[in-house]
Amino acid sequence: MKTASEEIVHTYNHIYGLSLTDILKGKSIPIFESGNHGTVVHDFTYIDDIVKSCLGALDTAEKSTGSCGKKKGAGQFRIFNLWNTSPVPVLDLVIILEKLLKVKVKRHVMKSPRNGDVPFTHVNISLVQRELSLGINHRRICKGS
């Protein structure tokens with residue numbers, strides 16, 4: 001899983017050319033806009049919420065083994081949407097990074113590539129709330145963070 005995650009980050013960086021080190025070095029970073037100069041908005045996630053949700057999914061999964069560890073059936077297969085449920089404009093996230101890193105981000109605003117990301121994401125997490133009962137307080141990302 002770790003290797004797959006690293007490959008995803010590498011691929012994202014390859015496609016979009018974005019890296020925190022670039023921001024800290026004062027390099028220009030691409031800020032993509034959707035068609036007709038629209039703002040790209042994403043439903044970002046806190047890593048703590050992902051970890052809690054993964055552990056909750058493991059804790060609530062049905063057992064696939066019986067006594068003495070003998071397999072009694074297939075393991076339970078569930079898919080959960082794990083996001084913050086509070087979409088944030090990407091430009092707002094850049095402003096937050098500027099504040100936290102104490103740097104002015106050099107922005108190169110450009111149209112999103114055809115193979116790029118969707119212009120808006122917002123996730124329904126009702127299944128997670130119903131099945132995992134974790135009491136996760138999804139934190140909102142805001143300019144005052």
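For the structure itself, consult the block above.
What counts and how
Residues numbered from 1 in each chain as written. Predicted model: local features only at pLDDT ≥ 70, side-chain atom pairs only at ≥ 80, totals over all residues. Heavy atoms only, no water. Helix = DSSP H or I, 4+ residues; strand = E, 2+ residues; numbered from the N terminus. Buried < 20%, exposed > 50% of the residue type's maximum accessible area, 1.4 Å probe, protein only. Contact = heavy atoms within 4.5 Å. Areas by Shrake-Rupley, 256 points an atom, 1.4 Å probe, with all protein chains shown as cover. Expected span 1.5 Å × (residues − 1). Core = buried A, V, L, I, M, F, W, Y, C linked by side-chain atoms within 4.5 Å. Salt bridge = Lys/Arg side-chain N within 4 Å of Asp/Glu carboxyl O. Patch = residues over 30% accessible without salt bridge, like charges linked within 9 Å, V, L, I, M, F, W, Y side chains within 5 Å. Arc of directions from axis to C-beta.

K.L.:
Break down the overall build of the chain for me, with residues and values.
P.N.:
The helix and strand inventory of the chain stands at 5 helices and 4 strands. Its helices and strands taken in sequence order, the chain reads α-α-β-β-α-β-α-β-α from the N to the C terminus. Looking at the chain as a whole, 24% of its 145 residues are labelled buried. At a minimum sequence separation of 6, the contacts of the chain that also span at least 24 residues come to 79%. Carbon and sulfur atoms make up 58% of the accessible area of the chain, which amounts to about 10,400 Å² in all.

K.L.:
How would you summarise helix α4 (residues 90–101) if you had to cite specific residues and measurements?
P.N.:
The end-to-end C-alpha distance of α4 is 16 Å, a good match for the 16 Å that 12 residues give at a rise of 1.5 Å each. Residues of α4 that are buried: Val 90, Val 94, Ile 96 and Glu 98. After α4 finishes, the residue Lys 102 shows a positive phi value of roughly 55 degrees.

K.L.:
Quick one: what's the story with the nonpolar core, residue by residue and with numbers?
P.N.:
Ranked by size, the top nonpolar core spans 5 residues in total: Ile 23, Ile 29, Ile 31, Val 94 and Val 105. In contact with Ile 31, not counting residues within four places along its chain, are Leu 91, Val 94, Arg 107, His 108, Val 109 and Met 110.

K.L.:
Residues and numbers for the side chain of Ser 34, please.
P.N.:
As for its position among the elements, Ser 34 is in the loop between β1 (28–33) and β2 (41–42). Not counting residues within four places of it along the chain, the set of residues in contact with Ser 34 comprises Thr 39, Val 40 and Pro 119.

K.L.:
So what about the pattern of salt bridges? Which residues, and what values?
P.N.:
For the structure on display, the rule yields 4 salt bridges. Residue Asp 22 pairs with Lys 27 through a salt bridge whose shortest N-O separation is 3.8 Å. The exposure class of Asp 22 is buried, given its relative accessible area of 16%. A salt bridge links Glu 131 to Arg 78, with the nearest nitrogen and oxygen atoms 3.4 Å apart. Taken as a pair, Glu 131 in helix α5 (residues 126–132) and Arg 78 in the loop between α3 (47–60) and β3 (88–89) lie far apart in primary sequence, 53 residues in all. Residue classification places Arg 78 among the partly exposed positions, given a relative accessible area of 22%. In the salt-bridge network here, residues are joined through shared partners; they are Glu 98, Lys 104 and Arg 107.

K.L.:
Report on a nonpolar patch on the surface, specifying residues and quantitative values.
P.N.:
A surface patch of nonpolar side chains, amounting to about 420 Å² of accessible area, comprises Ile 47, Val 51, Leu 55 and Leu 58. Tracing the backbone through its elements, the reader meets Val 51 in helix α3.

K.L.:
Describe the environment of Leu 55, naming the residues involved and giving the relevant values.
P.N.:
In this fold, Leu 55 is placed in helix α3. Overall, Leu 55 belongs to the partly exposed group, its relative accessible area being 48%.

K.L.:
I'd like to hear about α3, residue by residue, with values.
P.N.:
The end-to-end C-alpha separation of α3 is 20 Å, in line with the 20 Å expected for 14 residues at 1.5 Å each. Among the residues making up α3, those that are buried are Asp 49, Ser 53, Gly 56 and Ala 57. Buried positions in α3, seen along its axis, are confined to an arc of 100 degrees and lie on one side of it. Turned more than 90 degrees off the buried face of α3, the exposed positions are Ile 47, Leu 58 and Asp 59. Packing partners of the buried residues in α3 comprise α5.

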